[in-house]
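Chain by chain, the residues:
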Amino acid sequence: MTALVERSAKAVAAPGTTVVAVSPEMGPESIESHYDEALSVPGLLTEIASGEVSGVDGYVVACFGDPGLDAARELARGPVAGIAEAAMRTAAYLGRGFTVVTTLSRTRGRTWELAERYGMRGLCRGVHACDIPVLELERDPGALDVVTAACARAVEEDEADAVVLGCAGMTDWAPAISAAIGVPVVDGVQSAVLTVQALVEMGLRTGKRDEFADPLPKRYTGLLRDFGH
């Protein structure tokens, strides 16, 4: 799936933009719960810290829960975009309302929280689950058909003008689903890549005046001892 994300990102990146997709060395194999999300953040921040050392200009967090986004913005010099935020903001340009089709139903609450946080609650008409686990998206040969059907139902039920795909593992499906159901379908990976690329080209980065300033120096203990500053 990391290779899939990299291919999708490179497909829209401008000439001269280098895309490097990485998967943290520690953490859950997929993120499908609050527990998974919490334990994914140290690995994510390790990759951000490594990118800062190697001179990375900007970052995309390729999980629809946007885990660790605020913490990543504290660490990074350049802009950081989560795929949920980027996809929702992109969908907002395409009509009066959008609907989200995600993986498991237990993740729907998190999506609603993010819509509220990003000021998209009024535009988000609904959040629907196809009930396919993240890793099964690339293993189940019938997954695309199931997600396409879920998107069609969501559009009709919510009277939505666009669909947001709620998982990075769906990143290459947007064109096929859009052709099948007749409305714009937004992929968060490509939306986030283009968002970060545009911000970098404009010379813009996260404001560091207050909340997103560098973390305060302090000692961390136990498994987190290497995270101190």
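Keep in mind that what you see is a predicted model, and the values were worked out from it rather than measured. (Residues numbered from 1 in each chain as written. Predicted model: local features only at pLDDT ≥ 70, side-chain atom pairs only at ≥ 80, totals over all residues. Heavy atoms only, no water.)

## Here we look at the environment of Pro-217
Its place among the elements puts Pro-217 in the segment after helix 8 (188-201). Here Pro-217 falls in the exposed class, since its relative accessible area comes to 65%. Sequence separation between Pro-217 and Gly-228 is eleven residues; the distance between their C-alpha atoms is 6.8 Å. (Helix = DSSP H or I, 4+ residues; strand = E, 2+ residues; numbered from the N terminus. Buried < 20%, exposed > 50% of the residue type's maximum accessible area, 1.4 Å probe, protein only.)

## A few points about the domain arrangement of the protein chain
Per the domain assignment, the segments of the protein chain are domain 1 (2-82 + 190-227) and domain 2 (84-187). A separation of 22 Å is found between the C-alpha centroids of domain 1 and domain 2. In this complex, domain 1 contributes 21 residues to the contact, which on the side of domain 2 involves 28 residues. For Arg-110, the salt bridge goes to Glu-37, with nearest N and O atoms at 3.0 Å. (Domains from an automatic or database assignment. Contact = heavy atoms within 4.5 Å. Salt bridge = Lys/Arg side-chain N within 4 Å of Asp/Glu carboxyl O.)

## Some details on the nonpolar core
Judged by nonpolar contacts, the single largest core of 38 residues is most densely connected at Phe-64, Val-80, Met-88, Phe-98, Val-100 and Val-164. Top contributing element to this core by residue count: helix 4 (residues 83-91), with six residues. Formed jointly, this core draws a minimum of three residues from each of two domains, domain 1 (2-82 + 190-227) and domain 2 (84-187). If we ignore the near neighbours within four places in the chain, the residues touching Val-80 are Tyr-59, Val-61, Leu-69, Ala-72, Arg-73 and Thr-206. Counting residues in each nonpolar core, the second largest holds 20 residues, with Leu-137, Val-155, Met-170 and Ala-174 among its members. (Core = buried A, V, L, I, M, F, W, Y, C linked by side-chain atoms within 4.5 Å.)

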